[in-house]
Amino acid sequence: MDNNMKKYKLPEDFILGAASSAWQTEGWGGKKIGHDTFIDLWYKATPELWHNGYGPAVATDFYNRYKEDIGLMKECGLRSYRTSIDWSRFIKDFETGEVDEDGAAFYDSVINEMIKNGIEPMICLEHYEYPAALFEKYGGWGSKHVIDLYVKYAVEAFKRYGDRVKIWFTFNEPIVLQTRTILDAQRFPFKQDTKLAMQWNYNKILATAKAVEAFRRGNYGEKAGSKIGVVLNPEMTYPRSSSAHDMKAADMFDLFYNRIFMDPAVKGEIPKELFEVLDLHNCLFDYTEEELEVIKKNTVDILGLNLYFPVRIKARNSAWNPEVPFHPSYYFDHHEIQGKRMNPHRGWEIYPKIMYDMAMRMKNEYGNVEWMISENGMGVEGEDKYKNEDGVIQDDYRIDFISEHMAWLLKAIDEGSNCKGYMLWAFTDCVSPANAFKNRYGLVEINLEDSRNRKMKKSGKWFRELSDNNYFYFRDLVPVYK
Ligand code: BG6
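Overview of the structure. (Residues numbered from 1 in each chain as written. Predicted model: local features only at pLDDT ≥ 70, side-chain atom pairs only at ≥ 80, totals over all residues. Heavy atoms only, no water.)

1. Observations regarding the pattern of salt bridges
Tallied over the entire structure, the rule returns 42 salt bridges. Between K159 and E156 there is a salt bridge, with the nearest N and O atoms lying 3.5 Å from each other. Of the two residues, K159 and E156 are both situated in helix 7 (residues 144-161); the distance of 3 residues between them amounts to about one turn of the helix. Here the residues in one salt-bridge network are E383, D395, R398, D429, R440 and K457, joined through shared partners. (Salt bridge = Lys/Arg side-chain N within 4 Å of Asp/Glu carboxyl O. Helix = DSSP H or I, 4+ residues; strand = E, 2+ residues; numbered from the N terminus.)

This is how it looks when you write it as structure tokens:
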């Protein structure tokens with residue numbers, strides 16, 4: 001053993017596992033079961049934008065291979081696994097909330113199989129599997145009627161699986177879909193409408209509060225002692241400098257992309273600065289005082305945070321083009337720092353201290369709420385070239401990535417942050433939004449040339465040891481640049 005290596009111990013009862021989602025793994029099952037999701041709609045409209053055409057149609061074929069996969073989860077030492085229920089597959093009639101019994105039976109089997117193998121199921125109600133029909137009929141999450149339909153769906157899921165699921169999440173990254181599609185127009189349906197995007201944000205905040213309210217009112221968590229929360233993707237935001245203009249720019253980014261969801265989920269309040277600034281730019285969402293009261297009274301039990309990379313912000317040095325409608329970037333610009341560590345495949349900066357900084361933020365600014373890392377991981381292209389003679393991918397870079405991020409997280413836990421776990425993205429390689437199978441995240445390889453066969457990577461074995469030992473070795477953390 002290298003003398004410079006240090007032992008890092010995980011807390012007892014630490015949640016350790018991996019995540020994925022329904023649409024990124026299940027596939028359509030050979031013949032389509034259930035309705036189309038919004039993602040299916042997007043894939044069908046623009047298959048050419050998905051790397052090599054891979055998409056949700058087959059994904060990893062988890063729908064047919066879930067037993068094999070759950071066996072592999074056990075081999076990798078996962079204590080928990082997060083996936084989502086596909087709303088479009090689980091519900092037959094969106095208006096009445098009538099359940100599709102075939103869809104429901106599938107999730108029943110998956111949950112039972114996990115439990116049988118000693119793996120805690122963690123269930124998310126929407127990981128972008130928004131029903132295509134609701135998008136076509138109501139224009140998506142901009143409609144308040146959709147909130148009621150979502151709550152009906154949530155209640156059906158609580159009723160079916162509430163006795164066995166201990167952690168529920170209302171959404172995965174509720175800001176993402178509308179940001180990519182309606183705010184930044186990068187994806188189908190390529191629309192730019194800031195006010196509408198803000199309405200989607202608000203409606204999902206309200207939907208979370210209403211689902212939490214329904215969960216508590218129906219006592220659906222009583223039997224299993226379950227908790228309910230939301231998975232957010234706040235981006236740890238660093239200003240270019242400590243000068244007032246850069247600090248203000250970073251605060252504005254933080255307001256529009258982080259606090260907008262974190263504050264209502266944990267503190268029960270949408271920041272008043274957000275109301276003011278949206279009003280100023282005529283982009284304020286429709287809300288009522290009664291709805292704000294529901295948000296206030298129904299904060300989450302636990303927060304899941306997906307953390308991958310830092311965001312570096314500076315004040316704009318160009319004036320806003322008055323012919324362009326308002327966008328949050330009116331207030332800031334992204335900043336490039338020299339010498340940063342990069343994941344060149346994904347184009348994301350690697351800065352593991354985000355774990356510590358966000359953890360301390362939870363402790364100091366969010367009442368030390370119970371929270372967990374619900375996603376963190378490294379997507380790498382062309383992993384075939386790292387195969388050894390037995391065909392096992394030697395992904396030491398992933399082991400290093402996880403170790404360093406986890407080491408920073410453990411430091412924050414030592415200092416009192418109430419973090420309960422770490423979930424890797426992802427268990428197997430899977431279909432990613434538009435990246436398709438380009439960047440691989442898994443502990444387990446999906447071989448596309450060989451019938452999607454599974455093979456554990458070196459990191460899968462390492463993860464198993466981590467889980468068995470409850471500690472790992474890694475070098476001492478060194479001070480980092482700001
Ligand atoms: C997370 C999402 O933000 O990032 C996942 O919850 C996604 O759905 C993951 O797959 C990795 O991002 P990408 O774009 O590389 O797949």
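2. So, helix 12 (residues 289-297)
When we look at burial in helix 12, the residues that qualify are E291, V294 and I295. Angularly, the buried residues of helix 12 cover 100° about the axis, an arc narrow enough to put them on a single face. Facing away from the buried side of helix 12, by more than 90 degrees, are the exposed residues E289, E290 and K297. Buried residues along helix 12 sit in contact with helix 7, helix 9 (194-217) and helix 10 (244-267). (Buried < 20%, exposed > 50% of the residue type's maximum accessible area, 1.4 Å probe, protein only. Arc of directions from axis to C-beta. Contact = heavy atoms within 4.5 Å.)

3. Considering the site of the ligand
The environment of the ligand is made up of 15 residues, and the closest members are H127, E173, R346, S432 and Y441. Here an oxygen atom of the ligand and a side-chain polar atom of R346 are 2.6 Å apart. E375 places a side-chain nitrogen or oxygen 2.9 Å from an oxygen atom of the ligand. Burial of the ligand by the surrounding chains reaches 93%, relative to a free accessible area of 380 Å². In terms of residue class, the shell around the ligand is made up of 6 nonpolar, 6 polar and 3 charged. (Near = heavy atom within 4 Å. Polar contact = N/O pair within 3.5 Å; in protein donor to acceptor, adjacent residues only side chain to side chain. Areas by Shrake-Rupley, 256 points an atom, 1.4 Å probe, with all protein chains shown as cover. Nonpolar A, V, L, I, M, F, W, Y, C, P; charged D, E, K, R; others polar.)

4. Things to note about the pairing of strand 17 (residues 444-447)
Covered by surrounding structure in strand 17 are V444 and I446 together with E445 and N447, the residues of both alternating faces. Direction of pairing for strand 17 relative to strand 18 (residues 453-456): antiparallel, over a ladder of 4 bridges. The residue bridging E445 from the neighbouring strand is K455, located in strand 18. Count of turn residues in the strand 17/strand 18 antiparallel hairpin: 5 residues, of which S451 carries a positive phi of about 50°. (Pairing = 2+ DSSP bridges.)

5. Some points on the nonpolar core
Buried together is how nonpolar side chains tend to be arranged in soluble globular proteins. Counting 158 residues, the largest nonpolar core has W87 and W168 as its most contacted members. Non-local contacts of W168, meaning those with residues more than four positions away in its chain, are made with I85, I123, L125, A157, F158, Y161, G162, F215, S226, K227, I228 and G229. (Core = buried A, V, L, I, M, F, W, Y, C linked by side-chain atoms within 4.5 Å.)

6. Re the pairing of strand 11 (residues 311-314)
Residues V311 and I313 line one face of strand 11 and the alternating positions R312 and K314 line the opposite face, and both faces are buried. Relative to strand 11, strand 9 (residues 237-239) is paired through 3 bridges, and the arrangement is parallel. What sits directly across from Y238, in strand 11, is R312.

7. Overview of the packing of aromatic side chains
One pass over the structure, following the stated rule, counts 50 aromatic pairs. A centroid spacing of 6.1 Å and a plane angle of 85° characterise the contact between W23 and W50, whose relative ring orientation is edge-to-face. On the criterion of sequence distance, the pair formed by W23 in helix 1 (residues 22-25) and W50 in the loop between helix 2 (38-45) and helix 3 (62-75) is long-range, its members being 27 residues apart. The pair formed by W23 and W50 is uniform in burial state, with each residue classed as buried. A centroid spacing of 6.2 Å and a plane angle of 70° characterise the contact between W462 and F472, whose relative ring orientation is edge-to-face. Of the two residues, W462 sits in helix 15 (residues 458-469) while F472 sits in strand 19 (residues 471-475), which places them 10 residues apart along the sequence. Judged by its relative accessible area of 13%, W462 is buried. The positively charged end of K7 is found above the aromatic ring belonging to Y471, 4.2 Å away from the centroid. Just above the ring of Y351 sits the side chain of R312; from NZ or CZ to the centre is 4.8 Å. (Phe/Tyr/Trp six-rings, centres within 6.5 Å; stacked < 30°, edge-to-face > 60°. Lys NZ or Arg CZ within 6 Å of the ring centre and 35° of its normal.)

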